[in-house]
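# Observations on the model geometry
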Amino acid sequence: MKNVNTEISTSKENDRVIEYAGLSFYIIYNTDSLKTDDIVFYDAVIIQAGDPEFTRHIITRIRGHFNPEHYLKPVLLLNQSSLKDPYINLIDGTLYSLEQIKLILPSVQNILLRIKDLTFTSSLSYEALIIQKTISFMYSRNIDKMKPNVDFNSGIGYNYPILSVNFSRKEEHQVLNIIKTMTEEKLITKEFHDSVYLCNNCTSGYMSYREVCPKCNSSNAVSQDIVHHFPCSYVGPIEDFKNQIDDELNCPKCNKTLRHIGVDYDKPSIVNDCLSCGHRYQDFNVKAKCMNCQFDNEVEELKKSTINVISITKKGQVMAVNGYVTTSRDLQEIKGTVKLDTFTTMLKYEVERLKQTDGKSNLAVLHLKNSGEAYSKMTTDLQKTMLNFLIQDIRKNIPTSSIITFYSSSTILISLNDLPLKIAKRLTQDIVDLMTALIETNFKDMVVSIDHSVKPVSNKLSGELQIQQLVKDYF
Ligand SMILES: [Zn+2]
Ligand SMILES: [Zn+2]
Ligand SMILES: [Zn+2]
């Protein structure tokens, strides 16, 4: 049995490794290079955080990595200096001395335990990879809610801790697309936090708003008050009332001296003079110049986007544990299937049709229990090939009127229309046998476990509800 040290001690082999309670903590000093490759050999990382710039670099490197051995590693800061949000959300604790490892140990152990629950697969797309990363990080830290932080360095003005770290400032708007996909896939729910206005040309959020001349778009202008003299009704810019000698205002029309504002005159508005083209105008145009690409946006044409607080759903947690392979968009590329949305709509029409006729239609679900294990053994290309192969084989065995969709990368739904339940059940069993054979031939050492179930389509319940009832045991 491994000797579990009950006191904090330095490793005999490596003086930058601290051992305590059976765990190893790797210390990165701020005089080190920016390489973090070695961290995979240790349970946790301690960054000596004297230099904020260095600390940020190291945190970005670790959390921006695509290997879970890196990005999920517990990270602690030693002698935390003035490190501000958003990086503070990417670390797991701060220490003022190494002795405090004892205090923080339970939370590090907890993270390491939760990481053991997770399955890592090679994702079908970059988007799916970032999603897998996000839900894995949230699951391992037991984070239910992710709140965006105002961030001057963010391309969209807000930083989502584990999401934004994957993108450069210029690409950061993609974070919003990923949140959209995660919401569509029901991995998260979102609630409104703020609105941002992004450049129509490059989607950056850093704008300079200026009042400009409606004729030549120059912001080089001077403004002055318009004066309305009540006794003679004269209206004109205040310069018409001024003289060279004193501060008195005299009406150019009736020559009277103006006395009290509100009594004999007022200032109903202002007038602007463009110093570039000489145009005199009352109403400005407002333009938003992008500080990234310099495009001068009309404010009406800025892209309004919503910044949301996101919460992980039960499905999101289950997908983190089982391994998240793909978005439904990736699966749309598999020939012979339709989108889940389309499937749901078609089922809705089928329910309506069954109300008019006394036909019999069925809904089948097939769920590969250990799909995470299967996918983790495949490269992305092989996954696509396998899925295509599988669907083509299934199609050969069912009537052409049947519709197939992926509920997730491990769950397939098939609507078998105009067939007696008995036949639908037999066909589904055939498909299970076929899938089992296909997987066993390709993965010699894998035990296949496919759950399946077939239910007649009811004309009493909505299609969506019937799908939910069928898949609920798997999510
Ligand atoms: Zn721009
Ligand atoms: Zn002008
Ligand atoms: Zn007058």
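This text follows the structure it describes.
Every chain's residues receive numbers from 1 upward, in the order its sequence appears when written. Here chains are named by letter from A upward and ligands by number from 1 upward, in the order in which they appear as written. It should be noted that, the model being predicted, local features are given only for residues of pLDDT at least 70 and side-chain atom pairs only at 80 or more, the latter also being counted only at that level, while totals for whole chains, interfaces and linings use all residues. Side-chain measures were taken over the full set of non-hydrogen atoms in the model, leaving aside hydrogen atoms and water.

For the rest of this paragraph, the subject is the packing of helix α4 (residues 126-140) against helix α7 (residues 314-322). Each axis is a line fitted through C-alpha atoms, taken for helices only over the stretch in contact, and angles between the N-to-C directions span 0 to 180 degrees. Put simply, DSSP H or I for four residues or longer makes a helix, DSSP E for two residues or longer makes a strand, and each gets a number counted from the N terminus. Put simply, α4 and α7 touch, their axes get as near as 9 Å, and they point 100° apart. One element, α4, and the other, α7, form an angle in the roughly perpendicular class. In this structure, α4 contributes I135, S136 and Y139 to the contact, and α7 contributes G316, Q317, M319, A320 and V321. Residues are grouped as follows: Ala, Val, Leu, Ile, Met, Phe, Trp, Tyr, Cys and Pro are nonpolar; Asp, Glu, Lys and Arg are charged; all remaining types, including Gly, are polar. Looking at the contact of α4 with α7 residue by residue, the classes come out as five nonpolar, three polar and no charged. Convention used here: angles under 35 degrees read as roughly parallel, angles over 145 as roughly antiparallel, angles from 65 to 115 as roughly perpendicular, and any remaining angle as oblique. For this analysis, residues touch if any pair of their heavy atoms sits within 4.5 Å.

What follows deals with the sheet that holds strand β7 (residues 145-146). Hydrogen bonds along the backbone pair up the strands of a sheet, which may run parallel or antiparallel. If DSSP finds at least two bridges between two strands, the strands pair. Reading across the sheet, the three strands line up as β7-β18-β10 and stay open at both edges, with antiparallel pairing between neighbours. A single partner strand is all that each edge strand has here, and the edge strands are β7 and β10 (188-198). In this structure, β10 lies alongside strand β18 (residues 303-312), joined through ten bridges in antiparallel fashion. Bridging across to β18, K190 finds its partner in I310. On top of the sheet, helix α6 (residues 174-184) reaches β10 and β18; it is set at about 155° to β10, its chief contact.

Every helix has an expected span of 1.5 Å times one less than the residues it contains. Between its first and last C-alpha atoms helix α3 (residues 101-117) spans 24 Å; for 17 residues at 1.5 Å apiece the expected length is 24 Å, and the two agree. Consider a residue and the seven residues that end there alongside the seven that start there; fitting an axis to each set, the bend is the angle between those axes. Helix geometry: α3 is bent most strongly at S107, by close to 30°. If you check which residues of α3 are buried, you get I101, I104, L105, V108, I111, L112, R114 and I115. Looking at the buried residues of α3, the elements they touch are β2 (17-20), β3 (23-28), β4 (44-48), β5 (75-78), β6 (94-95) and α4. Burial classes follow relative accessibility: with a 1.4 Å probe on protein chains only, a residue under 20% of its type's maximum area counts as buried, one over 50% as exposed, and anything between as partly exposed.

Moving on: the pattern of salt bridges. Within this document, salt bridges are pairs made up of a side-chain nitrogen of Lys or Arg and a carboxyl oxygen of Asp or Glu, the two lying within 4 Å of each other. For the structure shown, the criterion picks out 17 salt bridges. R56 is the partner of E53 in a salt bridge, and the nearest nitrogen-oxygen pair spans 3.7 Å. Taken as a pair, E53 and R56 lie in helix α1 (residues 52-63) at a separation of three residues, close to a single helical turn. By relative accessible area, which is 48% here, E53 ends up partly exposed. Note that D92 and R141 form a salt bridge whose closest N and O atoms lie 2.8 Å from each other. Of this pair, D92 sits in the loop between β5 and β6 while R141 sits in the loop between α4 and β7, placing them 49 residues apart in sequence. We classify R141 as buried; its relative accessible area is 13%. Overlapping salt bridges bring together E7, E99 and K102 as one network.

Bringing the packing of helix α9 (residues 340-356) against helix α13 (residues 463-471) into the picture now. Put simply, α9 and α13 touch, their axes get as near as 8 Å, and they point 115° apart. Touching F343, T344, L347 and V351 of α9 are G463, E464, Q466 and I467, all from α13. For the contact of α9 with α13, the class distribution of residues is four nonpolar, three polar and one charged.

The quantities given are spatial measurements derived from coordinates; they are silent on function.
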